[in-house]
Amino acid sequence: MNTSAISPLVAAAQSIGSKVAGPASGAVDRESRFPKEALDALKEARLLSAFVPRDLGGAGCGMRELAQICEILGQHCSATAMVFAMHQIQVACLVRHSQTAPYFREYLKKLAANQNLIASVTSEVGIGGDMRSSKCAVQSNGARFELEKDASTISYGAHADDLLVTARRNPEAPANDQALVLLQKADFTLECRGAWDTLGMRGTCSPPFLLRASGGVEQIMETPFGDIASQTMVPFSHILWANCWLGIATAAVVKTRAFVRSQARAKPGTTPPSAMRLAEVASMLQSFRANVHDLASECEALMSSPDAGVDVLSTIAFALRMNNLKLAGSQAVADIAQRCLMICGIMGYKNDSKYSMGQHLRDGLSAALMVSNDRICATNGSMLLVLKDD
Amino acid sequence: MIEDIRNILKEHGRLSTDVSTLSEDADLYKAGLTSHASVNVMLALEGKFDVEFPDRMLKRGVFESINSIRAALEELTAA
C-alpha cells in the first residue's frame, strides 16, 4: 500500500472500513441485507460526493482516489465496496457529461448536500446484460416524459435515493440509440419482482424490479449514452470493480499470511510448507495490484487532460485494455481466494474460523459474471480482428 | 519474562555463547545470533507471549539484547 501521506477521504474510508463496515460484513453476507450502517457512515463522512467538483459542494477527487477507497472498503466488506463503486460510476457519468446543464448542476449540488445514493438501471428483461441495447423507450410529449422499464436487476434498488436509467431515446429509436435518464425519488416507483438470494455479493441486494417513472425532459442527458459508456461508464466500472476485487483478494491474503505465521510460530526453525504457497499468492496479488493501479493512473491522466481524454478513451485499443483488466482482475480474485483456501485448509473451509475463506471465495466468483467474461472475450475477439497496432 | 526470553534464546537463538552467562545488556549478535535465527526467536516469542511483532519492530535493534527484547514485548503486551 502507498505509504505517502493519505488523503482525508482515504483516511475516512479506512476508519469506516475497520470500525463499521468490517464488523457488520458477516451479518450483511449471512442475512443478504444492505450494509446500511456502512452507507450511513459513508454519507456522514460525505464520501458519496467525493467525485463531485468542489464548486458544486463535493470533494473534487479523482479516479485513483475513488479506486483506493474501493480497495480499502473491499478489504472490510465487499458489499459496501461494490455499492460505493456503483454509486460513484453513476456520479462520474453525471459529472463528466452533464455538469454544465442547469438541471444536473443543481442535482449535483443537492447530491453533495444530502449525500444521495444513486443506483444504476441498465439491465433489462429480454436484453440481459448487454448495456448498449435497450427495449424500453422514453415517451415524451413536450416538456414531460414517461418511462417504464422491466429491469432484470437493480443493485441496492430498494435503498437508493435516485436512479440513472438507460432507455431508447424515443419509441422509434433503434435498440442502441440510448439516452441516460436521471430519476429522483419522487419521479419513480419500483415494484420488486423477485428475490436476491445468491452465492456471493449478497449485501448488494440486486433483485429484479419493474420501474415506472415520469419527469421533465431536462432530466434526459443530451450526450448519447454510447459516448458516456465508452468515455466514462465502462472505464470507471472496470477500474472501480477491479479495486473492489483487489480489496477482497487482499483480505484473503492478509488472513492467509496470519495463518501461515501461526503455523510458523508453532514450530520455529522450520519454514512451514504453506509458506511457499503463500509466496506464490503474494506474487499474484502484487501483479494484480500493479495491473489495476497502472490502468487507474493512465485513465486518470487521460481524463484530466485538456480534451478529457475523449479521443483515446474512445479507441478500440483502450477499450481492449480496459476489458483485459476486467478479465484479469475477475480471474485473479477468484484464483487468489481459492489458493488461500488451499493454504488455510480446514481452518479456511470453516465458516466460524478467523481464517474463513468462504465469503471471499463466494464474492470473488461473482467477478467473472458481473458482465460475463464470455461476453467480454467475444467483444475483445472481434476488436482484435480489426486492431492493427500493438 | 526474562526467564522466558532466555529459554527461547537457548532453544532457537543458536548462540555460540551459553545464554545463562549473558547479561541482560549483552549484545546478542556478538554472541552469535544470526538474522535467520532471530526470525525463529521472534516466532517463538510471538507464540509464547501471544503477540505479533509489527513491521516497524522488525529491525536489528529490537533483537539486540535481552533487555531490548523485553522492552519490545512490554510495549506489545501493554497495547
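Please read these numbers as outputs of a predicted model, since none were measured by experiment.

Q: For this particular structure, what's the right way to read helix H3 (residues 66-78) of chain B?
A: An α-helix turns once per 3.6 residues; consequently, residues spaced three or four apart project the same way. Residues and elements named next belong to chain B. When the terminal C-alpha atoms of H3 are compared, their 18 Å separation across 13 residues agrees well with the 18 Å that a helix rising 1.5 Å per residue should span. Along H3, the residues that are buried comprise Ile66, Ile69 and Leu73. Projected down its long axis, H3 shows its buried positions confined to an angular sector of 65 degrees, all on one face. Exposed and oriented more than 90 degrees from the buried face of H3 are Glu74 and Ala78. Those residues of H3 that are buried lie in contact with helix H1 (2-12) and helix H2 (35-49).

Q: I would appreciate a short explanation of the packing of helix H3 (residues 63-76) of chain A against helix H6 (residues 225-266) of chain A in the present structure.
A: How two helices sit against one another is set out by the angle between their axes and by the gap between those axes. Residue and element names in this part refer to chain A. Where H3 contacts H6, the two axes come as close as 7 Å, and the packing angle between them is 35 degrees. Two packed elements cross with a definite hand, and for H3 against H6 that hand is right-handed. Note on element contacts: H6 touches H3 through Phe236, Ile239, Leu240, Asn243, Cys244, Trp245, Leu246, Gly247, Ile248, Thr250 and Ala251, opposite Met63, Leu66, Ala67, Cys70, Glu71, Ile72, Leu73, Gly74 and Gln75. Taken together, the residues of the contact of H3 with H6 break down into 14 nonpolar, five polar and one charged.

Q: Help me understand the environment of Ser356(A) in this model?
A: Residues and elements named next belong to chain A. Relative to the assigned elements, Ser356 resides in the loop between helix H10 (346-349) and helix H11 (358-365). The spacing of Ser356 and Cys93 is 263 residues in sequence and 37 Å in space, taken between C-alpha atoms. Excluding residues within four positions of it along the chain, Ser356 makes contact with Gly348, Lys350 and Asn351.

Q: Help me out: how do you make sense of the domain arrangement of chain A in this one?
A: Many authors give the size of an interface as the accessible area that is lost as the parts come together. Residues and elements named next belong to chain A. Looking at chain A, the domain boundaries give domain 1 (8-116), domain 2 (119-219) and domain 3 (225-386). Of note, the centres of domain 1 and domain 3, computed from C-alpha atoms alone, are 20 Å apart. At the junction of the two partners, domain 1 supplies 22 residues and domain 3 supplies 25 residues. Residues of the side of domain 1 that touches domain 3, tallied by class, amount to twelve nonpolar, six polar and four charged.

Conventions we followed
Residues numbered from 1 in each chain as written. Chains lettered and ligands numbered in written order. Predicted model: local features only at pLDDT ≥ 70, side-chain atom pairs only at ≥ 80, totals over all residues. Helix = DSSP H or I, 4+ residues; strand = E, 2+ residues; numbered from the N terminus. Expected span 1.5 Å × (residues − 1). Buried ≥ 20, exposed ≤ 12 C-beta atoms within 10 Å, placed from the backbone. Arc of directions from axis to C-beta. Contact = placed C-beta atoms within 7 Å. Axes fitted to C-alpha atoms, helices over the stretch in contact; angles between N-to-C directions. Left-handed = near helix turned anticlockwise from the far one by under 90°. Nonpolar A, V, L, I, M, F, W, Y, C, P; charged D, E, K, R; others polar. Domains from an automatic or database assignment.

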